[in-house]
Amino acid sequence: MAKGMLVDLTKCMGCRGCQVACKQWNQLPAEKTTWQGTYENPPDISPNTYTKVRFVEGNHKEQFFWRFYKTQCKHCLEPACVSACLVKAMEKKPGGPVTYNEHRCMGCRYCMIACPFNTPKFEYDKAIPRIRKCQFCFDRQEMGRLPACAQTCPAGTLKFGERDELLDIAKGRIYKEPNKYVHHIYGEHEAGGTSWLYISDIPFEKLGFPTNIGTAPYPGLTKDFLYAVPIIFIAVPSLLLAISYIKNRRNEDKVESKEGK
Amino acid sequence: MSENISIPAQAEVKGLGEFIRFMISELKPRGKVFTPFNIISGAIILLGIVLIIYRFAKGLGAVTNLSQDYPWGLWIGFDVVTGVAFAGGAYTLTCMVYIFGAKKYSPIIRATVLSGFLAYAFYAGALLLDLGRPWNIINPIIGNAFGLSSVLFLVAWHFMLYMITELVEFSPAIAEWLGWKRLRKFLMGLTLGAVIFGITLSILHQSGLGALYLLAKGKIHPLWYSEFIPLLFFVSSIFAGVSLVIFEGTISHRVFKDLINPNLHASYEKIVAGLGKIALGAMFVYLFLKILVFIHGKNWEYISSPMGYWYLVEILGFVLLPLIIYIAGVKGGSIGLIRAASIITIVGIIINRLNISIIAYKWDAPIRYFPSWIEIEITLAVICAEIWAFRWVIKRMPVLNERSDYKWMH
């Protein structure tokens, strides 16, 4: 069964322990950064930062809010990056994780163009670069352990489990406290559904979640074109052959009729 | 065509020793070496080679302005996406000559196929510079990792197959150059098959280049993003290619004046007028499609914004305007107008392809991409190298003229 992660934003206290745990498990070096004017650091996910907690301030229902939410690869059920990859370096594992294999990758960066969440990052500063992204700790999952971020989360924000069960839990929480939660599970349907699910007490667009993604799976965008390929491959050559045959026949006829006179 | 206007027949190059001697003599430059063009383009190519070595030693970040927001820049948007559109003349003209039997284009067919082949070899070859791990480029061809659901997989295969196809289409000229009669006969027999295969491949990969951007939904401005991008790319590659043939012919006829068959000189105006007709036909269809997509997409609301004005510049200034000039040129039989239209069309295609790949891509990003001087320099070096290769072949092989023993310019 497919695993997933439920993120309950109402529980997050912004400790960024997940960020540190992720760096430790994946042995990612620290980044030199400068003061950005927020508690967030570094400015975005990067080749050396697979996950990052965003700090958002704003107003909702005429009340000030300060919320924190973790960003990383959402591990789509039907990932755009996997459909874009021409060498199967990006793969969707049956258990949920979308993984990357550098030994196949040719570094074309089409996955970066395709990803609606702008997740894959590229090592521009290296002579032998790789794509880098959260791989849902598939190595830990294979050992039967929790992903590093979920293991470390002290607030109970991150809940790892079967995606179906997590959806039930999320719906249960919203049902129990309908006035607290927004009636939307981000990731249930976004881009055809993602392994990571978010519930929140602040509308997702106010938090800066991408809301223009739609619910259709991304690979469907190129499906029609790819279906047309074999049809064109059969129809066009036969059509061209027929035209050239008719044209040549006509030329021969002309020659013959001239000779006949 | 009489004997005296053709290139004299050449003896067959026999044996390995003679072949090597022949190649060495052919590799030597013909004509004046230190012309202003050679000095400038030579310097650009030399600097380009140095910078390419630097790029592979230090990585893409050291030479380009590419970023996590803009993974594809000038080398993809201009060299590959735009360059391949301009190579569309080859499949359009081979279709006219070999399928529809429009023999009047025969005299320019070899030059067109040659420039098409070189465009793929150099511009698609420039893709290697942009790949982070270029040695893995063989993975989609051999190996166990076929990403069959990827449009890029299709485009990569079609690039490769189409380059082989164009080489086959051009190969009789190489056989004539070497005086290999029997091989030439065999290769001539492959032409029709190669042409049909090549047209099919071209339809698919010209549209496929557009289909790549279907996945960038939400990242490309709605005025440029639609599910019709593949069709628009295909139709525009017809008039892009034909316009480039017109433009290239204008230059070739000055630079290679002495190499051109006099009969071609005589029939050249007719050919250009015919090319103008093809271009305007395709442009008319394209403009119609563009209007259809615009209305279908309910895009009025975007027009009164900076991107909207830019869209209008592209459509009115670089599609409608050259279309009108083409019509005026074809109706009035004015070569000058057709040439002017072809130049505006070429600029328009560059604008259109850069719009989709760079300018309208993440148009609202806080930090926009602009190519670094090294990206531009290396692109110029690739263009100069292609011109050198084109000139080398033109001056040696029967491309603009036929040899007295092989007639192909019917």
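Quick notes on the rules
- Per chain, residues are indexed from 1 in the order of the written sequence.
- Note on labels: chains are lettered from A, ligands numbered from 1, in written order.
- The predicted origin of the model limits local features to residues at a pLDDT of at least 70 and limits the giving and counting of side-chain atom pairs to 80 or more, whereas totals for whole chains, interfaces and linings rest on all residues.
- Note: side-chain values were computed over all heavy atoms of the structure, leaving out hydrogens and water.
- Per the convention used, a helix needs a DSSP run of H or I reaching at least four residues, while a strand needs a run of E reaching at least two, with both numbered from the N terminus.
- A simple rule labels every residue: compare its accessible area, found with a 1.4 Å probe on the protein chains alone, to the largest value its type can have, and call it buried under 20%, exposed over 50%, or partly exposed in between.
- Any two residues whose heavy atoms approach within 4.5 Å at even a single point are treated as in contact.
- Working convention for charge: Lys and Arg count positive, Asp and Glu count negative, and His plus the chain ends are omitted.
- To locate a charge, the coordinates of NZ of Lys, CZ of Arg, CG of Asp or CD of Glu are taken.
- Patch rule: a residue counts if its relative accessible area is over 30% and it has no salt bridge; like charges are joined within 9 Å, and nonpolar side chains (Val, Leu, Ile, Met, Phe, Trp, Tyr) within 5 Å.
- The Shrake-Rupley method, run with a 1.4 Å probe sphere, supplies the accessible areas, and residue values consider only the shown protein chains as cover.
- Here, a salt bridge means any Lys or Arg side-chain nitrogen found within 4 Å of an Asp or Glu carboxyl oxygen.
- Distance and chemistry together define a polar contact, namely a pair of N or O atoms within 3.5 Å, with one atom able to donate a hydrogen and the other to accept it when in protein, and with adjacent residues in sequence counting only for side-chain atoms on both sides.
- How far a helix is expected to stretch is found by multiplying one less than its residue total by 1.5 Å.
- The bend reported for a residue corresponds to the angle between axes fitted to the seven residues ending at that residue and the seven starting there.

Some thoughts on the overall build of chain B
Part 1: Counting its secondary structure elements, chain B contains 14 helices and zero strands.
Part 2: Ordering the α and β elements of chain B from the N terminus gives α-α-α-α-α-α-α-α-α-α-α-α-α-α.
Part 3: Structurally, chain B occupies a C-alpha span of about 65 × 55 × 45 Å along its principal axes.
Part 4: Here chain B holds 410 residues, and the buried ones make up 56% of them.
Part 5: Nonlocal contacts in chain B, meaning residues at least 24 apart in sequence, comprise 80% of its contacts between residues at least 6 apart.
Part 6: Mean positive and mean negative side-chain charge positions of chain B (33 and 22 charges, respectively) differ by 4 Å.

Quick look at a nonpolar patch on the surface
Residue and element names in this part refer to chain B.
Part 1: A cluster of nonpolar side chains, namely Phe247, Ile251, Val255, Ile343 and Val347, defines an oily patch on the protein surface of about 390 Å² accessible area.
Part 2: The biggest single contributor to the nonpolar patch is helix H10 (residues 229–255), with three residues.
Part 3: For Ile343, a relative accessible area of 40% translates into the label partly exposed.

Some points on the side chain of Arg396 of chain B
All names here are of chain B.
Part 1: Relative to the helices and strands, Arg396 resides in helix H14 (residues 373–396).
Part 2: In this structure, Arg396 is buried with no salt-bridge partner, the nearest side chain bearing the opposite charge being Glu26 at 4.5 Å.
Part 3: From its side chain, Arg396 meets the backbone oxygen of Glu26 in a polar contact 2.4 Å long.
Part 4: Leave out the neighbours within four places in its chain, and Arg396 touches Glu26, Lys28, Pro29, Arg30 and Trp177.

Focus on the environment of Phe390 of chain B
Residues and elements named next belong to chain B.
Part 1: Position of Phe390 among the secondary structure elements: in helix H14.
Part 2: In the structure, Phe390 is positioned 279 residues away from Ala111 in sequence and 8.9 Å away in space, judged by C-alpha atoms.
Part 3: Not counting the four nearest positions on each side in its chain, Phe390 is found in contact with Ala111, Leu114, Ser115, Leu118, Glu248, Ser252 and Phe256.

What about helix H8 (residues 151–178) of chain B?
Side chains that are three or four residues apart share a direction in an α-helix, a result of its 3.6 residues per turn.
Residues and elements named next belong to chain B.
Part 1: Helix length check: H8 (28 residues) gives 40 Å between terminal C-alpha atoms against 40 Å at 1.5 Å per residue, within 8%.
Part 2: Along H8, the sharpest change in direction is near 45° and occurs at Phe170; proline Pro172 comes one to four residues later.
Part 3: Looking at where H8 begins, the residue whose side-chain oxygen comes 3.0 Å from the main-chain nitrogen of Leu152 is Ser150.
Part 4: Within two residues after H8, Gly179 carries a phi angle of roughly 70°, on the positive side.

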